[in-house]
Amino acid sequence: MPNPPGALRVMWLLACTAVRKIANRTSGNLNKAFNKRKKPDAPPEKRQATPRKKAVSVLLMLFVGAMFMFNGVNLSSQFVRRLGNEFNRGEETDKRIAVRAWTLRQLHKTEGALKALDASEGAPDNLAQVEKWRKHLRESFEYDLRESRLDGSEREAMISERIQTFDRTGAAGFRVEKRAMEGLPVPTTDAWPDRERVPGMLMALGAIMALMVLSVLFMSLGSGNQDLGKVEWSMEWLFTFPVPSRVIFLAKVFEYTLANPFTWFLFFPFFFVLQFSAGFLWWSVPLAACAALYAGLLAGAARVFLETFLRKTFALNRVKNFQAVFTLLGILLFFVVIGASSSQRAAAFAVRTVPEVPAAALWNPLSVPALLCDGAGLAWPAAGAMLLYGAALAGGVVYACEWLVRDGLTITAGVYAGKRSAATPVERGAGRMRGIVGKELRLLFRDRNFLVQTLIVPLLLIGFNLFMNSGLMEQVGAHFRHAAALAFGLGAYVLMFSAFQVLSVESSGLWMLYTFPRSLERILFEKTVLWCGFAMLYAVSALLGFALVNPALDASAISDAVMAVVGVGIYAFIAAGIGILATDALETEAQRKIRPDMMYLYMLLASLYGFAIYSPSLWAKLAQLVLSGLLAFALWQKVRDHTPYLLDPTQEPPPRIALADGLIAVLAFFVLQGLAMIGLHFSDLPPGAQLLFAFVLAGLLVALFTLYAFWRHGVPDLLAAVGLRAAQDAPAGSYLRAVKWGLVCGTCAALFGAFYLYGMEWFEPLRALKREALALDKGMDPGVKGWFAILAVCAAPLFEEYIFRGLVFRGLRRSTTPLLAVLGSAGVFALIHPPLSVVPVFVLGVAAAVSFEASGLLLAPILTHALYNAVVVWLNFT
Amino acid sequence: MPVFPAALHLTKRGRSPINPNMNEPIAEAAHVPPLVEIRGLTKQYGEFVAASDIRLSVPRGELFALLGPNGAGKTTTIRMLMGILKPTSGSAQIDGLDCFADRVEVKRRVGYLPDEPIFYDHLRGREILRFVGEMHGFDAREIDARAKPLLERFELADATEEYAVNYSKGMKKKLALICAVLHDPLLLIFDEPTNGLDPYATRTLHEFVREKVAAGKTVFFSTHLLDQAEKLCHRIGIVYKGRMAAVGTLAELRAKVAQNSSLEEIFFSVTSESAAIPSAAPAQAPSGAKPVPGAGPAGN
């Protein structure tokens, strides 16, 4: 039998294992970001090796690591610069005016020159020279005050004051202001304050350090700690090895110190910047590493102790409650640290309060690394103190933990020591929620971690931003639109961690959902409705809160509010839809279940909607609402298609035309049209022809590409599905019928259009719009009119009907009643037309859809559209 | 000890000492369709074939066991029955309903026990039962009425207040079993039902299953415990490498493979060959076959 490993070896092994775990998890995430499609050719039954790190992902991880490091250095540098400047500004015991070094040099030069000119009074161009130098003086002062945030009159006053001081005392009335440029991401020694002010600076830094270490400690114990709340504690496994418990705990402390990302990406950059600015320059690299390890040791040792203590003292569900509290504390502290380091007010506050804190407070174990930067000889004692504290804490924790587990690792004798409940509770409380919604609510309030993550963190985030950023609160109070956008943002954020995860949280319980006589899609839908309710509640509460603050509410405020709340509702379904489609139900590891790029897609879409809240026109808002609603519908159609195949590793649902395809086609059509117009702009064609050709080109491309894509995917009976050909089972003479229907519906639509054109005269807003349109028409030259007519009667019906009826209508029709499909496709169709013609175009859309549904061939709606356009164009142009 | 109606028809000579069911398939009236009808069921993942041309039918009131080594395709077949996977070709029907297309209706008639049941972290045992019952459409009173005797029988009554995640493996299995039978389904599909159960629980499960069958329910389970199959079931299907290697009662299997052999020997003989033995009799319950005295297996 080989000898059991020594303590050092155990420490090394555990640390390496922890690093390997982190690397696997990170590279897994990065691999996930790249498309993991179902591969129909890959046999899944054969056990494939979990993807190892390839050289590419090592590089990628190094890159990501470097980015984090740079970010840390950036933030710390800015913080130190700002703080240092603030301390330098401090109490002005020196009465001389502070200027930059360059300015002082100019002042000396000017002084010398003016003295020389004084001496040579009678020289010919003396006056001109004096003038020149005085101008130079003024320019120097102007340059000096260039960056100050003063307005014109204040600046003038300061400049004259300086000129007067110069006239009185010469350059002696000025001193160099020690000032580092703010906003640069690199550390600099300029930021370090003068001798007298260093202790104050160190005090402030010590305070930040303490907060950072505590925040890291709490966050590492909080919801990120997967192990703490699990039934099988990883310690139990470690205890099966022939290694004394003391060594295991020491090794754990070592592991948490060394293999902790926070140590390297938070503490190390911070200490590096600090010590560099203090004058250690490149010696600060090893020095910062030591300080970072020390801080990491503090957090790591405390973590080991707390983990052991909690597991020994409390039952598992209580431990999870503690975790929730830790998450909250950790996030709060983290926000405080970020806020303190990025705000001017906090720096000023530090300068004010620091003198009142006794110097001895800096010697507390959390802050003592700050003293390493003390140039007055306290550095060596500080280093000694760090060693002492480190050893004492590590040793103390190890012995304490060993004592805690002296009688075994766990507290309960048997896992199933329960009590039979006194009376069978039939129904506790009337109207208790049943089924899936009841289960969700129960789990939400039991799992405090989840509760905090989903419902409390968004509030913290918004609240913190409002608090730290005083300008934000003012703006929100001033314009209700900002409040609406903020409320929407809050709702969307809540949704990201709740509705988005609707499928992935079911990970282990998914098998149970498959045994119920309910479709999985329906179950997920009910869950989404629940989260929609929560998010809307948050949005409405936020709006009410802001409305109380803001006295001036008008009609546009109402529309903004409605837009925000309805948007949150729609986005609940968009979030759930994207989340479900992006979840890999077969993936067991929680980190890799959701494709991260889909989360970014959701955030992008939500921000686009938020942007739409700001658009001034009611029309654009309505358009955005309708489009978002259709997007939600399209996503759920895809969800419905995909849920029967969720647990199948290779099979995809049978390909069919979906609403999503239609919406993409509409989008592509417009984008291509725009691009084509830009391209054709450089040609010699007349503008009307350009319009026509761009339209035709875009339409052709979209049509051909969509047909090709459908054909590739194997959509059955493609031409009939789209309406280009009669269906197999259609009765004979369908072409004739299509013509009949097309003409009939076209006549109805055209009649309505004509009626509308004349009826517009009776309504003022419409009349105004019509006048505008007519003026535009008169401006057009007849050539363009001709091209436009061709476009309207020949090209537009062809391509627009393919897209809106063939794709959008057919996509909708598959999943909903004919009425809704007609209205939906007509709605989208109407939206893309200018406001003047929305109503008749909507009617046209309805008519075209009806003719399409009745005849099954695109010929019918094309005829309808062509007829309508012909009539309207003729009426307009004559 | 429950009485086996089937056994009453047998003569003494034909009776197997261990399993009275094994000598006789379920006598099925000709016009009643089998509860489970699997025809040509195939599941292919690209080039890899997980299940190929599975043919099987289980009449009502039968206890059917699906035997096979690991990776043989048992779980794939069960998943196709539960509508979790769509077959590449062929069809599976339960009570005349297609398992994939009508899976929601099928679930009303089926109770499923998985091999490794996992439960939600923060729910107690009784809350899980409540949830399952509500999802099947029962109200609280009815759920409690149904669950109580089951909990008593499987000795879980003391543990319902505990979070299910803290249960031992056997207890989780028992809880999942109660969830599966709560709505009194026509067909019970069990995936390795006694895996993780102690001998007492195993015995209780066997008795429970026999009772259900006697009451007219059908039980379909997959296992790799040969003695369990031998003891309990009416018919056995042996799957190997995705194909149905053999199916029938023990008597039929003996007739096909080797006389006087135990199930173990039959199993090894059938699964050691690379090609499956085509089943001599069609894999359907011999309808209307009445037990002929003396026509049972030549030996015990």
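Here the structure is a predicted model, which is why all the values come from computation and not from measurement.

Each value, and the rule that gives it
Residues numbered from 1 in each chain as written. Chains lettered and ligands numbered in written order. Predicted model: local features only at pLDDT ≥ 70, side-chain atom pairs only at ≥ 80, totals over all residues. Heavy atoms only, no water. Helix = DSSP H or I, 4+ residues; strand = E, 2+ residues; numbered from the N terminus. Buried < 20%, exposed > 50% of the residue type's maximum accessible area, 1.4 Å probe, protein only. Contact = heavy atoms within 4.5 Å. Areas by Shrake-Rupley, 256 points an atom, 1.4 Å probe, with all protein chains shown as cover. Salt bridge = Lys/Arg side-chain N within 4 Å of Asp/Glu carboxyl O. Polar contact = N/O pair within 3.5 Å; in protein donor to acceptor, adjacent residues only side chain to side chain. Nonpolar A, V, L, I, M, F, W, Y, C, P; charged D, E, K, R; others polar. Pairing = 2+ DSSP bridges. Axes fitted to C-alpha atoms, helices over the stretch in contact; angles between N-to-C directions. Domains from an automatic or database assignment.

(A) Up close: the overall build of chain B. Counting secondary structure elements, chain B contains ten helices and ten strands. Looking at chain B as a whole, 58% of its 300 residues are labelled buried. For chain B, restricting intrachain contacts to residue pairs at least 6 apart in sequence, the fraction spanning at least 24 positions comes to 70%. Of the accessible surface of chain B, which amounts to about 12300 Å², a share of 51% is contributed by carbon and sulfur atoms.

(B) Broad picture of the interface of chain B and chain A. Across the boundary between the two partners, chain B contributes 53 residues, which contact 50 residues of chain A. Across the pair A:D648 and B:K43 runs a salt bridge whose closest N-O atoms are separated by 2.6 Å. Applying the counting rule to chain B against chain A returns seven residue pairs in polar contact (both at pLDDT 80 or more). Counting only elements with at least two residues in the side of chain B that touches chain A, the list comes to β1 (36-45), α3 (103-109), α4 (125-135), α5 (140-153) and α6 (169-181) of chain B. In terms of residue count, α4(B) provides more of the side of chain B that touches chain A than any other element does, eight residues in total. Partitioning the side of chain B that touches chain A into residue classes produces 26 nonpolar, six polar and 21 charged.

(C) Inspection of unusual backbone geometry at higher detail. Despite not being glycine, A:D717 has its phi angle at roughly 55°, a positive value. Along the chain, the position of A:D717 falls in the loop between α24 (687-713) and α25 (718-722). In the Ramachandran plot, B:D53 falls in the positive-phi region, its phi being about 50° despite a non-glycine side chain. Here B:D53 lies in strand β2 (residues 48-58). By relative accessible area, B:D53 is classed as partly exposed at 33%.

(D) Structural detail: the sheet that holds strand β10 (residues 243-248) of chain B. Residues and elements named next belong to chain B. Strands sit in the order β6-β7-β8-β3-β9-β10 across an open sheet of six strands; the sheet is mixed. Unpaired on one side and paired on the other, β6 (110-113) and β10 mark the two borders of the sheet. Averaged over neighbouring strand pairs, the angle between their axes works out to 15° when direction is ignored. Inspection of the sheet shows β6 paired to strand β7 (residues 187-191) by four bridges, in the parallel sense. Across the sheet, V110 pairs through a bridge with L187, a residue of β7. The strands touched by α6 are β6 and β7; relative to β6, the strand with the most contacts, the crossing angle is about 170°.

(E) Focus on the domain arrangement of chain A. Domain parsing of chain A yields domain 1 (101-176), domain 2 (198-407), domain 3 (435-653) and domain 4 (681-877). Computed over C-alpha atoms only, the centres of domain 1 of chain A and domain 4 of chain A are separated by 74 Å.

(F) Representation of the sheet that holds strand β4 (residues 89-94) of chain B within the structure. Residues and elements named next belong to chain B. Taken in spatial order, the four strands of this open sheet run β2-β1-β4-β5, and their pairing is antiparallel. Two strands bound the open sheet, and with one partner strand each, they are β2 and β5 (97-98). Note that β1 and β2 share seven bridges and pair antiparallel. Paired with V36 across the two strands is V58, which belongs to β2. Taken strand by strand, helix α2 (residues 74-81) contacts β1, β2 and β4, and its axis lies near 115° from that of β1.

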